[in-house]
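The lines below spell out each chain.
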Amino acid sequence: MPINLQVPSRPTKPAMTLPSWSDPLARLASRAVGGQRGTRGTTPRERVVTAVVIVTATLTWLLCLVQKVPCRYDKVDKSVDWFAWMCYSDIPLLYRLRGLADGYTPFFVPADQYQVLEYPVLTGLLLEVQRWLTVLTGAPVGPGLTEQQVLDASIRFFDINSVVMFVCFLVLVIVQVHTPTGRPWDAIMVAASPAVILTGLINWDMFPVALTAVGCFFWARRMPVAAGVFLGLATAAKLYPLLLLGPLLLLCLRAGKLDALVRTVAGFVVAWTVTNVPIMMLAPDQWAVFWTFNSDRGGDLGSIWYVFRLITGNEVAGLNAINLILLLAGFAAIAALTALAPTRPRFGQLAYLVVFWFLVLNKVYSPQYVLWLLPLMVLARPRWRDWIVFNVGEVLYVLAIWGHLGQFTLAGGGGDRLYWLAVFFRIGCEAWIAARIVLDIWFPDRDPVRQGWDPRFQRTIDDPAGGLLDGAADAPWFREWWNRRALTG
């Protein structure tokens with residue numbers, strides 16, 4: 001029978017979960033610095049943890065900047081092999097190729113001169129703001145510039161982007177500290193991830209990731225309207241945050257919290273509409289480019305469909321239909337798991353599963369897409385062993401994709417088998433995390449997050465990031481269905 005948990009009306013703050021007590025690998029590593037914190041030791045306050053996380057994130061970002069140094073050349077007669085140095089970034093390149101260097105606003109460029117920006121509206125607006133900042137800091141802009149002037153401006157644009165993306169990264173790690181109540185140290189797994197070093201400045205994905213994290217924070221703080229607004233803004237910058245409404249739907253159905261879901265969806269719709277409608281009305285064809293671009297493309301870098309094309313030499317026929325069928329089948333399996341689990345799954349668990357399945361089937365897996373999964377993995381299964389597995393898969397994939405694009409990993413006449421292997425290894429590492437999460441859902445006593453005691457409610461911990469779902473009883477209709485199923489099963 002499903003476990004029904006009653007929540008008192010006035011919760012108090014729970015005790016902080018300490019990694020050296022809750023995580024086997026952290027407990028083992030703590031021996032090098034004197035062992036676990038003693039039972040009489042002083043537990044640091046959350047603001048101390050936040051400071052540690054910010055310092056860690058700053059060091060990580062500095063390494064990200066250092067990693068991009070080889071690609072920073074300031075003379076047009078110089079060049080650099082982006083793929084050999086593994087320092088490629090879309091940011092300065094698209095500044096030149098999408099009309100920003102000539103002073104055009106994204107989505108309002110002459111179609112006969114430039115390719116329209118193939119990103120959602122809010123990402124385009126972010127680029128426009130950063131273009132203004134580039135001009136305000138003295139960079140030349142406008143048609144008729146020399147190649148050297150365009151290069152100088154693109155370097156300035158990249159520098160401004162580096163600062164803005166760093167701010168987004170700080171927002172991400174700070175809200176990650178405060179999202180799962182009582183588990184602030186989990187945010188270190190985001191702040192110290194080597195995947196951030198290698199992918200944080202490839203593109204603008206840190207922006208929607210930060211917005212998504214803020215949306216999850218507000219959900220955890222029982223503010224569904226604000227959560228919906230930020231998830232709507234995140235979806236206006238990148239499509240994937242839309243997927244998080246699916247787990248919220250499933251969990252709110254099981255908990256009978258449809259009023260919270262309605263408020264979240266309302267905030268989402270308003271935020272997305274306000275952001276998109278002006279561009280839809282003023283430049284409908286340019287607004288539609290993001291949707292048509294992704295619908296028309298075939299299997300691309302990092303996807304299983306791309307590897308299939310490399311191996312066979314053929315595109316997958318009817319890829320859109322196959323993709324949709326498999327995607328819906330996977331989502332249906334996640335819905336069934338949610339309904340049949342003995343205890344309602346945690347929000348972070350389902351969020352990771354739906355985004356993971358979407359990325360497995362997606363037509364492309366750009367290296368920076370790891371940033372989508374990283375915070376969700378930490379919410380779903382904050383274990384250092386799993387963190388290592390996850391990051392090893394992603395780091396090896398990043399190294400392999402640059403080798404593939406630079407044609408350094410080609411085997412004579414036999415194709416790029418190292419790249420194929422890296423794609424499947426990355427998916428395997430992500431699937432390892434997914435499998436562990438499924439086991440945690442099916443056997444909730446194995447769930448590392450639920451193994452602690454919550455003094456707020458005098459019960460075992462339920463869902464520290466669940467907001468209104470945390471500790472909520474299953475809905476009466478669900479309990480009745482479960483009982484009938486138990487009797488007939």
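Small disclaimer: the values here were computed from a predicted structure and weren't measured. (Residues numbered from 1 in each chain as written. Predicted model: local features only at pLDDT ≥ 70, side-chain atom pairs only at ≥ 80, totals over all residues. Heavy atoms only, no water.)

K.L.:
Sorry, what's going on with the overall build of the chain here?
P.N.:
On a plain count of helices and strands, the chain comes out with 22 helices and two strands. When contacts within the chain are restricted to residue pairs at least 6 apart in sequence, those whose partners lie at least 24 apart make up 75%. For the chain, the exposed area adds up to about 21,100 Å²; of that, 67% sits on carbon and sulfur atoms. (Helix = DSSP H or I, 4+ residues; strand = E, 2+ residues; numbered from the N terminus. Contact = heavy atoms within 4.5 Å. Areas by Shrake-Rupley, 256 points an atom, 1.4 Å probe, with all protein chains shown as cover.)

K.L.:
Even after reading the chapter, I still don't get the packing of helix 18 (residues 347-361) against helix 19 (residues 370-380), so can you show me in this structure?
P.N.:
Working note: a packed helix pair is described by the angle between its axes plus the distance between those axes. Following both chains from N to C, one finds helix 18 and helix 19 inclined at 145°, their axes separated by 8 Å at the closest point. The handedness of the crossing between helix 18 and helix 19 comes out as left-handed. Residues G348, Q349, A351, Y352, V355, F356, F358 and L359 of helix 18 form the contact with helix 19, whose participating residues are W372, L373, L376, M377, L379 and A380. Within the contact of helix 18 with helix 19, the residues separate by chemical class into 12 nonpolar, two polar and no charged. (Axes fitted to C-alpha atoms, helices over the stretch in contact; angles between N-to-C directions. Left-handed = near helix turned anticlockwise from the far one by under 90°. Nonpolar A, V, L, I, M, F, W, Y, C, P; charged D, E, K, R; others polar.)

K.L.:
Help me understand the packing of aromatic side chains in this model?
P.N.:
One pair of aromatic rings is described through two measures. These are the centre distance and the angle between the planes. The full count for this structure, using the stated rule, is 25 aromatic pairs. Ring centres 5.8 Å apart and planes at 85° place the aromatic pair Y119 and W204 in the edge-to-face group. A residue pair is termed long-range when its members are at least 10 positions apart, and Y119 in the loop between helix 5 (90-97) and helix 6 (121-136) and W204 in the loop between helix 9 (194-199) and helix 10 (206-220) qualify at 85 residues. Summarising the burial analysis for this pair, Y119 and W204 share the class buried. Grouped by ring-pair contacts, the aromatic residues Y240, Y306, Y365, Y369, W372, Y397 and Y419 constitute a single cluster. (Phe/Tyr/Trp six-rings, centres within 6.5 Å; stacked < 30°, edge-to-face > 60°. Buried < 20%, exposed > 50% of the residue type's maximum accessible area, 1.4 Å probe, protein only.)

K.L.:
Just checking my understanding: could you explain the confidence of the model for the chain for this structure?
P.N.:
Caution is warranted with low-pLDDT regions, since their predicted coordinates should not be read in detail. Taken over all residues, the pLDDT of the chain has a mean of 88, while the share at 70 or more is 88%. A low-confidence stretch, residues 1-13 (pLDDT under 50), is modelled with 34 contacts involving residues beyond four sequence positions or located in other chains. (pLDDT = per-residue confidence, 0-100.)

K.L.:
Can you walk me through the nonpolar core in this structure?
P.N.:
Looking at soluble globular proteins, one finds that nonpolar side chains tend to be buried together. With 129 residues, the main nonpolar core has Y352 and V355 as its most contacted residues. For this core, the element with the highest residue contribution is helix 7 (residues 147-178), accounting for 13 residues. Residues within four places of V355 in sequence aside, it is in contact with Y240, L243, L244, W372, L373 and L376. (Core = buried A, V, L, I, M, F, W, Y, C linked by side-chain atoms within 4.5 Å.)

K.L.:
Looking at this structure, how should I read unusual backbone geometry?
P.N.:
Excluding glycine, residues mostly carry a negative phi; peptide bonds, for their part, are mostly trans. In this structure, M86 is a non-glycine residue whose phi angle is positive, near 55°. One non-glycine residue, F107, lies in the positive phi region at around 80°. Checked against the element boundaries, F107 lands in the loop between helix 5 and helix 6. For F107, a relative accessible area of 1% corresponds to the buried category.

K.L.:
Honestly, the packing of helix 12 (residues 245-255) against helix 18 in this entry has me stumped. Any pointers?
P.N.:
Where helix 12 meets helix 18, the closest approach of the two axes is 8 Å, and the angle between their N-to-C directions is 140°. In terms of axis orientation, helix 12 runs oblique to helix 18. Of the two elements, helix 12 crosses helix 18, and the hand of that crossing is right-handed. Of the residues in helix 18, those in contact with P247, L248, L250 and L251 of helix 12 are F347, L350, A351 and V354. Of the residues belonging to the contact of helix 12 with helix 18, the class tally is eight nonpolar, no polar and no charged. (Parallel < 35°, antiparallel > 145°, perpendicular 65-115°, else oblique.)

K.L.:
Teacher, can you tell me more about the state of the cysteines here?
P.N.:
A disulfide bridge is the covalent bond that connects two cysteines by way of their sulfur atoms. The full count for this structure, using the stated rule, is one disulfide. Two residues, C71 and C87, share a disulfide whose sulfurs are 1.8 Å apart. Across the S-S bond linking C71 and C87, the dihedral sits near 75°, which makes this disulfide right-handed. With a gap of 16 residues between them, C71 in the loop between helix 3 (46-68) and helix 4 (82-85) and C87 in the loop between helix 4 and helix 5 connect regions that are remote in the sequence. The residues C71 and C87 share a single accessibility class, namely buried. (Disulfide = S-S within 2.5 Å.)

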